[in-house]
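Structural characterization, general
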Amino acid sequence: MAVRRASDRAANLIHSFDAAMLQDTMTRMLVKDAGPMSFVHDSYGATAGDMDDMAVTLRESAVTIYSDDQLGDLREWFGKFVKKELPPVPTYGSMSVNEVSTSPYFFA
């Protein structure tokens, strides 16, 4: 059995957010009747005719997912199962997640 380190938790959490965003993006693209798509971990692909929709859609998905206080929600959920007080979530920075909507380099 592998030994789990505290540093593994952050990576696993980010991977789960990546997977949720991928699934949400794919679902939104299917609703838009997109053609063939390809996904590998955090790489997104679509046919040339669907790339503009893909670029907008994955940004919409990111804004939706990261607009919520995911760490606060996770802390609250874990708090139901542990007997001691959990540390507070880290202080958030000043960037607005909505800036993702207009970022030219969010995904390539």
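Residues numbered from 1 in each chain as written. Predicted model: local features only at pLDDT ≥ 70, side-chain atom pairs only at ≥ 80, totals over all residues. Heavy atoms only, no water.

**Details of the overall build of the protein chain**
Check the secondary structure of the protein chain and you find three helices and two strands. The N-to-C order of helical and strand elements in the protein chain reads α-β-β-α-α. Taking 2.2 N^0.38 as the reference for a compact globule, 108 residues should give roughly 13 Å; the C-alpha atoms of the protein chain span a radius of gyration of 17 Å, well beyond that estimate. In terms of overall dimensions, the protein chain has C-alpha extents of about 55 × 40 × 25 Å along its principal axes. Burial analysis of the protein chain (108 residues in total) assigns 20% to the buried set. Counting only contacts in the protein chain whose residues sit at least 6 apart along the sequence, the fraction spanning at least 24 positions is 54%. (Helix = DSSP H or I, 4+ residues; strand = E, 2+ residues; numbered from the N terminus. Rg over C-alpha atoms; globule rule 2.2 N^0.38 Å. Buried < 20%, exposed > 50% of the residue type's maximum accessible area, 1.4 Å probe, protein only. Contact = heavy atoms within 4.5 Å.)

**Looking at the pairing of strand E1 (residues 37–40)**
The pairing of E1 with strand E2 (residues 43–46) spans four bridges and is antiparallel. Its bridge partner being in E2, Val40 is matched across the sheet by Ser43. Once E1 ends, the chain turns through two residues before running back antiparallel as E2, passing His41 with a positive phi of about 55°. (Pairing = 2+ DSSP bridges.)

**Here we look at unusual backbone geometry**
Leave glycine aside and you will find that most residues have negative phi; peptide bonds, for their part, are mostly trans. Look at Asp33: it is not a glycine, yet its phi comes out positive at around 60°. Counting through the fold element by element, Asp33 comes out in the loop between helix H1 (6–31) and E1. Take Asp33: its relative accessible area is 67%, and that puts it in the exposed class. You will see that His41, though not glycine, has its phi angle at about 55°, which is positive. Along the chain, His41 falls in the loop between E1 and E2.

**Looking at the pattern of salt bridges**
Using the criterion set out here, one finds three salt bridges in the structure. Where Glu60 meets Arg28, a salt bridge forms, and the shortest distance between an N and an O atom there is 3.8 Å. Residue Glu60 is located in helix H2 (residues 51–67), and its partner Arg28 is located in helix H1; the two are separated by 32 residues in the primary sequence. Judged by relative accessible area, which is 24%, Arg28 ranks as partly exposed. One salt bridge connects Arg75 with Glu85, and the closest N-O pair in it is separated by 3.0 Å. Of this pair, Arg75 sits in helix H3 (residues 70–79) while Glu85 is found in the segment after H3, placing the two residues 10 residues apart along the sequence. Residue classification places Arg75 among the partly exposed positions, given a relative accessible area of 27%. One continuous salt-bridge network, built from bridges that share partners, spans Asp24, Arg28 and Glu60. (Salt bridge = Lys/Arg side-chain N within 4 Å of Asp/Glu carboxyl O.)

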